[in-house]
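Okay, here's what each chain looks like letter by letter:
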Number of protein chains: 2
Amino acid sequence: MENRPLLLLSNDDGVQAKGLQELVKTLRPLADLVVVAPDGPRSGASAAITSEFPLRLTLLNNEPGLTVYQCNGTPVDCVKLALHAVMPRRPDLVVGGINHGDNSSVNVHYSGTMGVVIEGCLKQLPAVGFSLCNHAPDADFGPVLPYVRRITETVLREGLPEGTCLNVNFPDAPTFQGVRICRQTHGVWRGEYEAHRHPKGGERYWLTGWYDNLEPDSEDTDHWALDHGYVAITPTQIDMTAYGLMDTMKDWRL
Amino acid sequence: MENRPLLLLSNDDGVQAKGLQELVKTLRPLADLVVVAPDGPRSGASAAITSEFPLRLTLLNNEPGLTVYQCNGTPVDCVKLALHAVMPRRPDLVVGGINHGDNSSVNVHYSGTMGVVIEGCLKQLPAVGFSLCNHAPDADFGPVLPYVRRITETVLREGLPEGTCLNVNFPDAPTFQGVRICRQTHGVWRGEYEAHRHPKGGERYWLTGWYDNLEPDSEDTDHWALDHGYVAITPTQIDMTAYGLMDTMKDWRL
């Protein structure tokens, strides 16, 4: 058992979510697993961190090769606290997911699952996020599991350059056309609120909306891949510098 | 008044924060302002969005050239809801801040102020975030205000390429050496929790930690600029694709 890889798993749908349970089942044969996941849904948590109240960990399961904690914080809190207080050594890989819902394109910015992955990356660890384009709590993860296993094995073998991580999205389909390495699609969320009148008066705004793909014909994008039945792997980096703009701005009088 | 620019302002320290009040005072002579800001502190909110409960807006101030709402959501919620339900037209610029605390380097990922800016950018608007490297609620923003004004005027005049925004950080100093256009520093947060024993038992973990600059001698980085008394402007982009890794991965057998 000493030579088995050690993986840290988390998500943003909460420790009880089916996607995380399926991830655990799929990766257990490959590695020792430590799960530290939120105690309830944290969809859209992005890379948020908690500083206004203290975090606590609750042990849910501890058996050979599998330790599971829930945490009252965000997905990123879970990763930070796992690395600080739970992991017996630095993990070989951080895995986020399997998310119930699409994290491709601009969703990478809002995703708590990708928050897990970005935090792993910020801690200089290889990290991969898996997401299925189906929000249903009982979504069928069957078709994605062999891919999750193969991609995880590949990343464990090949590694990832420091500062990079993977955002893997699966179409909601029974089979896939293959795997494509993609770039982040350029698109915009529109019509994002539905206003309801509170019984005692006043508007309340529920988040909703639809995704407007601004480059639906670009075959190198993650959204194109998903729309055409492919597994989309978007290599992602934590350096957000707009290098192209640096030169332009040197001419600005500031 | 018709030709005056229209600016949307938000932050993550809450609508009552001094940094936002100072921002409003500084930018009022330049533009009509709409403020939609969180009803309390949302430090570290990143680009988190709220889907589990509905949002509400409360009008705090409405006078010629200045409208102020508070919102029960995150910084990104404030921007989304402002654009959806408050703004009389699309703003000419989205401004985040002035944040109480450093948002340079990897902090861009956790920052709610930069969440505001990234959301503006995702909505195809020019966007700038201002942060002062001083967490104190009564921090002295005096030295930064002329720079905030000049940078805002410059961005209104020059525009920003779509998909890019600015992350502007000020050292905590009475005067500055000048302005530098920088890249995001490579660094890691360490020692991130302090464990306290709950009176009834069990550990509670408070977020803390220190920033380890992994390239302290790199003069082109934002942290170097701040350490040496310069205003650091880090051009930032919403495309997080790791283009360099795309080619490498094409050789992987997936």
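Shown above is the structure to which this text applies.
Note that the coordinates shown come from a computational prediction; the quantities given were computed from them, not determined experimentally. Starting afresh in each chain, residues are numbered from 1 along the sequence in its written order. Whichever chain is written first becomes A and whichever ligand is written first becomes 1, with later ones labelled in order. With pLDDT at 70 or above as the cut-off, local features in this predicted model cover only qualifying residues; side-chain atom pairs require 80 or more to be listed or tallied, and sums for whole chains, interfaces and linings still use all residues. Working from all heavy atoms in the structure, the side-chain values ignore hydrogens and water.

## A look at helix α1 (residues 18–27) of chain A
Residue and element names in this part refer to chain A. What counts here: Note on classification: 1.4 Å probe, protein chains only; a residue is buried when its accessible area is under 20% of the maximum for its type, exposed when over 50%, partly exposed between these limits. The helix and strand labels rest on DSSP assignments: H or I over at least four residues marks a helix, E over at least two residues marks a strand, and numbering proceeds from the N terminus. The contact rule is simple, with two residues in contact once any of their heavy atoms fall within 4.5 Å.
Of all 10 residues making up α1, seven are buried, and the element is well covered by its neighbours. Within α1 the residues assigned to the buried category are Gly19, Leu20, Glu22, Leu23, Val24, Thr26 and Leu27. Looking at the buried positions of α1, the neighbouring elements they touch are β1 (6–10), β2 (32–38), β4 (66–71), β5 (93–100), β6 (127–132) and α4 (145–158).

## Topic: the side chain of threonine 152 of chain A
Summarising the element assignment, threonine 152 of chain A is placed in helix α4. Apart from the residues lying within four places of it in its own chain, the contact partners of threonine 152 of chain A are Leu7, Leu27, Leu30, Leu93 and Phe130 of chain A.

## Some details on helix α3 (residues 112–122) of chain A
Residues and elements named next belong to chain A. Heads up, the condition is: In the analysis that follows, any N or O atom pair within 3.5 Å is treated as a polar contact, provided that within protein one partner can donate a hydrogen and the other can accept it, and provided that, for residues neighboring in sequence, both atoms belong to side chains.
Taking burial as the measure, the 11 residues of α3 include 11 buried ones, the bulk of the element. Residues Gly112, Thr113, Met114, Gly115, Val116, Val117, Ile118, Glu119, Gly120, Cys121 and Leu122 constitute the buried set of α3. Capping of α3 at its N-terminal end is provided by serine 111; its side-chain oxygen lies 3.1 Å from the backbone amide nitrogen of threonine 113. Remark: glutamine 124 follows α3 within two positions and exhibits a positive phi of approximately 65°.

## Considering the pattern of salt bridges
Residue and element names in this part refer to chain B. Basically, it comes down to this: Should a side-chain nitrogen of Lys or Arg be within 4 Å of a carboxyl oxygen of Asp or Glu, the pair is scored as a salt bridge.
On inspection of all chains with the given rule, the structure shows 30 salt bridges over all chains. A salt bridge links arginine 149 to glutamate 153; the shortest N-O distance between them is 3.5 Å. Placement of the pair is arginine 149 and glutamate 153 together in helix α4 (residues 145–158), with a separation of four residues, close to one helical turn. On the accessibility criterion, arginine 149 (33% relative accessible area) is partly exposed. Classification of glutamate 153 by relative accessible area gives partly exposed; the value is 33%. Glutamate 215 is the partner of arginine 183 in a salt bridge, and the nearest nitrogen-oxygen pair spans 2.7 Å. Taken together, the residues span a long stretch of sequence, with arginine 183 in the loop between β8 (179–181) and β9 (187–190) and glutamate 215 in the loop between β12 (210–213) and α5 (222–227) at a distance of 32 residues.

## Considering the relation of the copies chain A and chain B
Formally: Fitting of the copies onto one another was done by least squares over C-alpha atoms, counting residues only where both copies have pLDDT of at least 70.
Note on the copies: chain A fits chain B at an RMSD of 0.0 Å, the axial shift is 0.0 Å, and the rotation between them is 180°. Viewed as a symmetry operation, the transformation between the two copies matches a two-fold axis.

## A word on the sheet that holds strand β4 (residues 66–71) of chain B
Residue and element names in this part refer to chain B. Rules: Strand pairing is assigned whenever DSSP detects at least two bridges linking the two strands. Fitting a line to C-alpha atoms yields each axis, with helices limited to the stretch in contact; the angle taken between N-to-C directions then spans 0 to 180 degrees.
What the nine strands build is an open sheet, ordered β3-β4-β2-β1-β5-β6-β7-β13-β8; its pairing is mixed. In this open sheet, the two edge strands, each paired with only one partner strand, are β3 (57–63) and β8. Mean inter-strand twist for the sheet, computed between neighbouring axes without regard to direction, equals 20°. Relative to strand β5 (residues 93–100), α4 is tilted by about 160°, and along the sheet it contacts β1 (6–10), β5, β6 (127–132), β7 (164–170), β8 and β13 (231–237).

## Things to note about unusual backbone geometry
Residue and element names in this part refer to chain A. The step from glycine 97 to isoleucine 98 runs through a cis peptide bond, and the omega angle for that step is -10°. Looking at the element boundaries, isoleucine 98 is found in strand β5. If you check the backbone angles, serine 105 has positive phi at about 55° while not being a glycine. With respect to the secondary-structure elements, serine 105 resides in the loop between β5 and α3. On the basis of relative accessible area, serine 105 is assigned to the buried category, the value being 1%.

## Structural notes on the packing of helix α1 (residues 18–27) of chain B against α4 of chain B
Residues and elements named next belong to chain B. For the record, the criterion: Oblique is the label for any angle not under 35 degrees, not over 145, and not in the 65 to 115 range, which are roughly parallel, roughly antiparallel and roughly perpendicular in turn. With the far helix as reference, a near helix turned anticlockwise by less than a right angle produces a left-handed crossing, and one turned clockwise produces a right-handed crossing.
Between α1 and α4, the shortest axis-to-axis distance is 10 Å and the interhelical angle comes to 55°. If you check the angle between α1 and α4, you find them oblique. Between α1 and α4 lies a crossing whose hand is right-handed. Facing Glu22, Leu23, Thr26 and Leu27 of α1, the residues of α4 in contact are Leu145, Val148, Arg149 and Thr152.

## Remarks on the interface of chain A and chain B
How we decide: Accessible area that two parts lose when put together, evaluated with a 1.4 Å probe and summed over both, is termed the buried area. Here the term charged refers only to Asp, Glu, Lys and Arg, the term nonpolar to Ala, Val, Leu, Ile, Met, Phe, Trp, Tyr, Cys and Pro, and the term polar to all other amino acids, Gly among them.
The interface is formed by 79 residues belonging to chain A together with 79 residues belonging to chain B. Both faces combined, the contact of chain A with chain B buries some 7100 Å², and carbon together with sulfur accounts for 65% of it. Sorting the residues of chain A by area buried against chain B places Tyr193, Met240 and Leu254 of chain A first, and these three jointly supply 11% of that buried surface. For the pair chain A and chain B, the number of links is four salt bridges. Between lysine 123 of chain B and glutamate 192 of chain A there is a salt bridge whose closest N-O contact spans 3.0 Å. Joining chain A to chain B, the criterion identifies 33 residue pairs in polar contact (both at pLDDT 80 or more). When grouped by side-chain class, the residues that make up the side of chain A that touches chain B number 43 nonpolar, 18 polar and 18 charged.

## Details of the state of the cysteines
Selection rule: We call a pair of cysteine sulfur atoms a disulfide when they lie within 2.5 Å.
Summed over the entire model, instances satisfying the criterion amount to zero disulfides over all chains. Here cysteine 78 of chain A is not cross-linked by a disulfide; its sulfur's nearest cysteine counterpart is in cysteine 71 of chain A, at 4.2 Å. Given the relative accessible area of 1%, cysteine 78 of chain A is considered buried. Cysteine 121 of chain B takes part in no disulfide bond, and the closest cysteine sulfur to it belongs to cysteine 165 of chain B, at a distance of 4.3 Å.

## Some details on the environment of leucine 81 of chain B
Looking at the element boundaries, leucine 81 of chain B is found in helix α2 (residues 75–86). Exposure remark for leucine 81 of chain B: the relative accessible area of 0% places this residue in the buried category. Through-space distance from the C-alpha of leucine 81 of chain B to that of asparagine 167 of chain B is 22 Å; in sequence the pair is 86 residues apart. Apart from residues lying up to four places away in sequence, leucine 81 of chain B is in contact with Tyr193 and Tyr205 of chain A together with Leu55, Leu57, Cys71 and Val86 of chain B.

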